[in-house]
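Chain by chain, the residues:
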Amino acid sequence: MKFGLALGGGGARGLAHIGILQALEENDLKPAYISGTSIGSVIGALYALQGNARDLLSILRTADLVIGPDMRSFHWADFTGINDLVECGYRAGNAAIAGIKKVTSWQYRWGRNLGLCGKPSVNQGR
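Just so it is clear, the structure is predicted and the values come from calculations on it, not from any experiment.

A word on the overall build of the protein
- When helices and strands are tallied, the protein shows 4 helices and 4 strands.
- Mapped from its N terminus to its C terminus, the protein presents α and β elements in the order β-α-β-α-α-β-β-α.
- Summed over all atoms, the accessible surface of the protein reaches about 8500 Å², with 56% contributed by carbon and sulfur.

Written as structure tokens, this is what we have:
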């Protein structure tokens, strides 16, 4: 199954995207396309270069990020909430995957019988 992933912004909260990527990987799901805004674009670009969430997290823990108009340096290692944010994203990713599997399973089992899958039916108002 080919799918794309769009990662949003939100500053340091964007680190939760790493947890979501970990959950996807554990379920053998890898996005064919990835995009993002703000911190989501940073995470998306690094993920596209590295290819897995574990290596991405290792890089971020050792990287310095220069931010702001005064070019201040931000050390990810000094950010104590990184593990909590990644764990939060991991839990959210697994919950989303479970929901997707449930909907997909329902579609394949029942959708065709209800006219929800396959050729769309047109309601004529009768």
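Don't stop here, the text continues.
Details of unusual backbone geometry
- Of note, the phi angle at Asp28 is positive, near 55°, even though the residue is not glycine.
- Of note, Asp28 is situated in the loop between helix H1 (16-26) and strand S2 (33-36).
- With relative accessibility at 72%, the residue Asp28 sits in the exposed group.

Thoughts on helix H2 (residues 39-50)
- Taking 1.5 Å of rise per residue, the 12 residues of H2 would be expected to cover 16 Å, and the 16 Å separating its terminal C-alpha atoms lies within 8% of that figure.
- Those residues of H2 that fall on the buried side of the exposure criterion are Ile39, Gly40, Ile43, Gly44 and Tyr47. Looking down the long axis of H2, one finds its buried residues gathered within 130° of arc, a one-sided arrangement. Facing away from the buried side of H2 by more than 90 degrees, the exposed set consists of Ala48 and Leu49.

Digging into the pairing of strand S1 (residues 4-7)
- Side chains Leu5 and Leu7 of S1 all project onto a buried face; the interleaved residues Gly4 and Ala6 project onto a face where none is buried.
- In this region the chain leaves S1, passes through H1 and returns to the parallel neighbour S2; the handedness of that crossover is right-handed.

Considerations on the packing of H1 against H2
- The interhelical angle for the contact between H1 and H2, taken along N-to-C directions, is 40°, at an axis separation of 10 Å. The orientation of H1 with respect to H2, classified from their angle, is oblique. Once H1 is placed against H2, the crossing between them reads as right-handed. Across from His17, Ile18, Leu21 and Glu25 in H1, the residues of H2 making contact are Gly40, Ile43 and Tyr47.
- In terms of residue class, the contact of H1 with H2 is made up of 4 nonpolar, 2 polar and 1 charged.

Thoughts on the packing of H1 against helix H3 (residues 53-62)
- Contact pair H1 / H3: the axes reach a minimum separation of 9 Å and the direction vectors enclose 155°. Considering their axes alone, H1 and H3 lie roughly antiparallel with respect to each other. Side by side, H1 and H3 meet where Ile18, Leu21, Gln22 and Glu25 of the first sit next to Ala53, Leu56, Leu57 and Leu60 of the second.
- By residue class, the composition of the contact of H1 with H3 is 6 nonpolar, 1 polar and 1 charged.

Rules used in this analysis
Residues numbered from 1 in each chain as written. Predicted model: local features only at pLDDT ≥ 70, side-chain atom pairs only at ≥ 80, totals over all residues. Heavy atoms only, no water. Helix = DSSP H or I, 4+ residues; strand = E, 2+ residues; numbered from the N terminus. Areas by Shrake-Rupley, 256 points an atom, 1.4 Å probe, with all protein chains shown as cover. Buried < 20%, exposed > 50% of the residue type's maximum accessible area, 1.4 Å probe, protein only. Expected span 1.5 Å × (residues − 1). Arc of directions from axis to C-beta. Right-handed = clockwise from strand over helix to strand, strands pointing away. Axes fitted to C-alpha atoms, helices over the stretch in contact; angles between N-to-C directions. Parallel < 35°, antiparallel > 145°, perpendicular 65-115°, else oblique. Left-handed = near helix turned anticlockwise from the far one by under 90°. Contact = heavy atoms within 4.5 Å. Nonpolar A, V, L, I, M, F, W, Y, C, P; charged D, E, K, R; others polar.

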